[in-house]
Amino acid sequence: MSALAVMGIVAGAMFGVGAIAALVRIIRGPTMLDRALATDVLLAIAMCGLAAEMAINRHTDTLVVLLVLALFAIVGSIAIARFIGKEDRS
């Protein structure tokens, strides 16, 4: 087994553990902000996983998916921040 394959397996395991932890926080989060932050972390983990897969396999086929995930993360964070901002003023 090559060193690149071992590094891919280790990175995949770490991304998996992080994703499970983020899902637990989404399910059990006491506040909406905890859930929003966990969703951002989950999107970041997905983006890092896609980038690692592209680097390991040396292709750019999933670059569009990576950019769309980044767009969803930014728009979602802004929408939640605006919603929470309006809720705090009342």
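Residues numbered from 1 in each chain as written. Predicted model: local features only at pLDDT ≥ 70, side-chain atom pairs only at ≥ 80, totals over all residues. Heavy atoms only, no water.

J.: Please clarify how the overall build of the protein chain should be interpreted in this entry.
T.: The secondary structure content of the protein chain amounts to 3 helices and 0 strands. In the protein chain, the order of α-helices and β-strands from amino to carboxyl end is α-α-α. Relative to the compact-globule value of 12 Å for 90 residues, the protein chain shows a C-alpha radius of gyration of 16 Å, a clear excess of over 25%. The principal-axis extent of the C-alpha atoms belonging to the protein chain is close to 60 × 25 × 10 Å. Counting the 90 residues in the protein chain, one finds 14% classified as buried. Put simply, of all contacts in the protein chain between residues at least 6 apart along the chain, 38% involve residues at least 24 apart. For the protein chain, the exposed surface amounts to about 6500 Å²; the carbon and sulfur share of it is 74%. Computing the positive centroid from 7 side-chain charges and the negative centroid from 6, the protein chain places the two 5 Å apart. (Helix = DSSP H or I, 4+ residues; strand = E, 2+ residues; numbered from the N terminus. Rg over C-alpha atoms; globule rule 2.2 N^0.38 Å. Buried < 20%, exposed > 50% of the residue type's maximum accessible area, 1.4 Å probe, protein only. Contact = heavy atoms within 4.5 Å. Areas by Shrake-Rupley, 256 points an atom, 1.4 Å probe, with all protein chains shown as cover. Lys, Arg positive; Asp, Glu negative; His and termini not counted. Charge placed at Lys NZ, Arg CZ, Asp CG, Glu CD.)

J.: I tried to follow the nonpolar core on my own but got confused; where do I start?
T.: For soluble globular proteins, nonpolar side chains are generally found buried alongside one another. If you look at the biggest cluster of nonpolar residues, it comprises 6 residues: Leu-43, Leu-50, Met-54, Leu-66, Leu-69 and Ala-73. Contributing elements (two or more residues each) for this core: α2 (32–57) and α3 (63–89). Other than its neighbours up to four places away in sequence, Leu-43 contacts Leu-69, Phe-72 and Ala-73. (Core = buried A, V, L, I, M, F, W, Y, C linked by side-chain atoms within 4.5 Å.)

J.: I keep staring at the UniProt feature "transmembrane region" (unreviewed entry) in the protein chain and nothing clicks. Help me out?
T.: In the numbering used here, UniProt assigns the "transmembrane region" (unreviewed entry) feature to residues 6–24, 36–56 and 62–84. Taken end to end, residues 36–56 is 100% helix and 0% strand, and its two terminal C-alpha atoms sit 30 Å from one another. When the span residues 62–84 is considered, its composition is 96% helix and 0% strand, and the gap between its end C-alpha atoms is 33 Å. (UniProt positions renumbered as here; feature names shortened; annotations may be inferred.)

J.: Can you help me understand a nonpolar patch on the surface in this one?
T.: A cluster of nonpolar side chains, Met-1, Val-6, Ile-9, Val-10 and Met-14, forms an exposed patch at the surface whose accessible area comes to about 560 Å². With respect to the secondary-structure elements, Ile-9 resides in helix α1 (residues 3–28). (Patch = residues over 30% accessible without salt bridge, like charges linked within 9 Å, V, L, I, M, F, W, Y side chains within 5 Å. Salt bridge = Lys/Arg side-chain N within 4 Å of Asp/Glu carboxyl O.)

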